[in-house]
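Descriptive structure summary
Chain residues, written in single-letter form:
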Amino acid sequence: MDIAYYPGCSLHSMAHEYDVSTRLVCQHLGIRLHEVPDWNCCGATAAHSLDHQLAVGLSGRNLLLVNDMKLKQVTTPCAGCFNRLKTAGSELKIDSRSDEIEKLLGTSLASAREVEVAHILQVMIEEIGLEAIGQQVAKSLNGIKLASYYGCLITRPKAIARFDDPEQPVSLDHILQVLGAQTVNWSHKAECCGGGFTASQTDIVVDLGGQVLEAARQAGAEAIVVACPMCQANLDTRQTEIEDVNGIKYHMPIIYFTQLMGLAFGYSATKVGLNRLLTSPFNLLKSRGLAV
Amino acid sequence: MTADIYRPMRLNDISSSLPEEIKTACNTDVNLCMECGKCSGGCSNAHIFDYTPRKIVQLVKLGAEDTLLKMDALWICVACQLCVDRCPSGINIPRILDYMREKAYRQGVKAGRSNVELFHNLMLESIRNTGRVAETPLLVKYIFRTRQYLKDTNLGRKLFFKGKLNPFSPRVKNINQVRRLFINTPVNKEG
């Protein structure tokens, strides 16, 4: 299976381990990822916050590049990029301003509208399937108790994402269960971590991220599993400040789901970049015989 | 902050054309609002907003453009999209906020949270310069511009030792095509 791959800026930088583990797991499952040549930033929160046309244009250019690859589908591991690419695809269909964007880009956007966008979690569920994933498990996750955290943009808004349930999603839980983990029932699966405010409004991330960490702790989770580089960064890099504010030591590793897939498929913890997380998951993994 | 939520709305600049303007630009109809409050009930940040999402929709209906452009909530909505999915009338509040924020930005209205505007601006500058966002240079620039030199020194050290601080960013080859997208934006003029 050949799919265009849009890593996004975070995966080329702070979330390098998400990129590495995604590529590894896809290769293992027979998905050939082709990185979109010369892709640009999706514009993230900044573009849609200040300039609608710019936001649609930036993501529109990426969709055009996918179409040039003669591929019909593009996948991204970042929930933010997923939302921006998909929103652009839908805006280009109805937005009268697409004419202006076409003028700026110097090319027609007609073909960009046809590109399908899927989050990598969606590819795992809809293209590979739980059964095929289960067949690859070489090392069970041994009943480790995990909180699957989807955040906002993988499933919302429903009309754009068209994947799973917007507030009570289950796809990530199913994958983790197939890998041999237990998933906890908890309240904050699809609540916000504070999004792009980690630098400019740190208080908001400490507040919202703190609620997520506390909810996971109360549900008895030993780690939180994410499918978005921003969720990971917020819950991991701000955890010390959250601990100071909430007065509780969480020691809650924030792990990408592709890292756990790789681990269960038999790759080592360092191969999937688990050593790059700030809150170390190694004590937890060692206690279950999943790392040495 | 809590007390502020209950202050009377300021209707400085009443223009009844705002709902129509929003309908055209944002493809969303505020007149369908039945004031049920599901948007505010689910909102992550309503407790720190000066106007809750339900009130924001009412402000649009009233044409209180001046209040909308100056309100604090404009800059601290996390765009989690919960209200979009919960609204029984399909009103897209984050899109309305994007539209009003863009308007405030273009008119040079002073942002209630200037750090948020600055961060967005620096990020867009980075995209205009290289086509992508290099996280480390962006954060360093932000720290210098806000003079918060000591705020994240511990975190910076931890990230450095994890190899997470990458000072380089590959440049998009067809950068001119990306830059053309910035022609109509105020970001273009500041750089």
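Since the model is a prediction, treat every value here as computed from it, not as a measurement.

1. Observations concerning the overall build of chain B
- Assigned secondary structure in chain B consists of 13 helices and zero strands.
- When the helices and strands of chain B are placed in sequence order, the string is α-α-α-α-α-α-α-α-α-α-α-α-α.
- Oriented by its inertia axes, the alpha-carbon framework of chain B measures out at about 50 × 40 × 30 Å.
- Within chain B, the fraction of its 191 residues that count as buried is 41%.
- A separation of at least 24 residues holds for 70% of the contacts in chain B among residues at least 6 apart in sequence.

2. A word on the domain arrangement of chain B
- Here the domain parsing of chain B yields domain 1 (2–107) and domain 2 (114–190).
- Each of domain 1 of chain B and domain 2 of chain B has a C-alpha centre, and the two are 29 Å apart.

3. Remarks on the pairing of strand E3 (residues 73–76) of chain A
All names here are of chain A.
- With two bridges joining them, strand E1 (residues 2–5) and E3 adopt parallel strand pairing. Its bridge partner lying in E3, Tyr5 is registered against Thr75.
- Pairing between E3 and strand E4 (residues 116–119): four bridges, direction parallel. Within E4, the position partnered with Thr76 by the bridge is His119.

4. Structural notes on the domain arrangement of chain A
Residue and element names in this part refer to chain A.
- Under the domain assignment, chain A is made up of domain 1 (2–121) and domain 2 (133–287).
- Each side of the interface is counted separately: domain 1 has 26 residues, and domain 2 has 28 residues.
- Looking at the side of domain 1 that touches domain 2, the elements with two or more residues in it are helix H1 (16–28), helix H2 (44–50) and helix H4 (79–94).
- The dominant element in the side of domain 1 that touches domain 2, judged by the number of residues it contributes, is H1, at nine residues.

5. Quick look at the interface of chain B and chain A
- With 47 residues of chain B at the contact, the number on the chain A side is 44 residues.
- Ranked by residues supplied to the side of chain B that touches chain A, first place goes to helix H9 (residues 114–130) of chain B with seven residues.
- Of the residues belonging to the side of chain B that touches chain A, the class tally is 22 nonpolar, 13 polar and twelve charged.

6. Considerations on the sheet that holds strand E6 (residues 182–183) of chain A
Residues and elements named next belong to chain A.
- Ordered by their spatial adjacency, four strands build an open sheet running E6-E5-E7-E8, and the pairing between neighbours is parallel. Where the open sheet ends on each side, the last strands, each with one partner, are E6 and strand E8 (254–256).
- As defined by bridge partners, strand E5 (residues 145–149) adjoins strand E7 (residues 223–226) across four bridges and the pair is classed as parallel. The residue of E7 that forms the bridge with Tyr149 is Val226.
- Its contacts with the sheet put helix H11 (residues 229–237) on E5, E7 and E8, and the angle it makes with E8 is roughly 160°.

7. Some thoughts on helix H13 (residues 257–264) of chain A
All names here are of chain A.
- Burial analysis of H13 places eight of its eight residues in the buried class, the great majority of the element.
- Where H13 is concerned, the buried positions are Phe257, Thr258, Gln259, Leu260, Met261, Gly262, Leu263 and Ala264.
- On its buried face, H13 sits against H1, helix H6 (120–128), helix H9 (171–178), E7 and E8.
- Immediately beyond the C-terminal end of H13, within one or two residues, lies Gly266, with a positive phi of roughly 110°.

Cut-off values and rules
- Residues numbered from 1 in each chain as written.
- Chains lettered and ligands numbered in written order.
- Predicted model: local features only at pLDDT ≥ 70, side-chain atom pairs only at ≥ 80, totals over all residues.
- Helix = DSSP H or I, 4+ residues; strand = E, 2+ residues; numbered from the N terminus.
- Buried ≥ 20, exposed ≤ 12 C-beta atoms within 10 Å, placed from the backbone.
- Contact = placed C-beta atoms within 7 Å.
- Domains from an automatic or database assignment.
- Pairing = 2+ DSSP bridges.
- Nonpolar A, V, L, I, M, F, W, Y, C, P; charged D, E, K, R; others polar.
- Axes fitted to C-alpha atoms, helices over the stretch in contact; angles between N-to-C directions.

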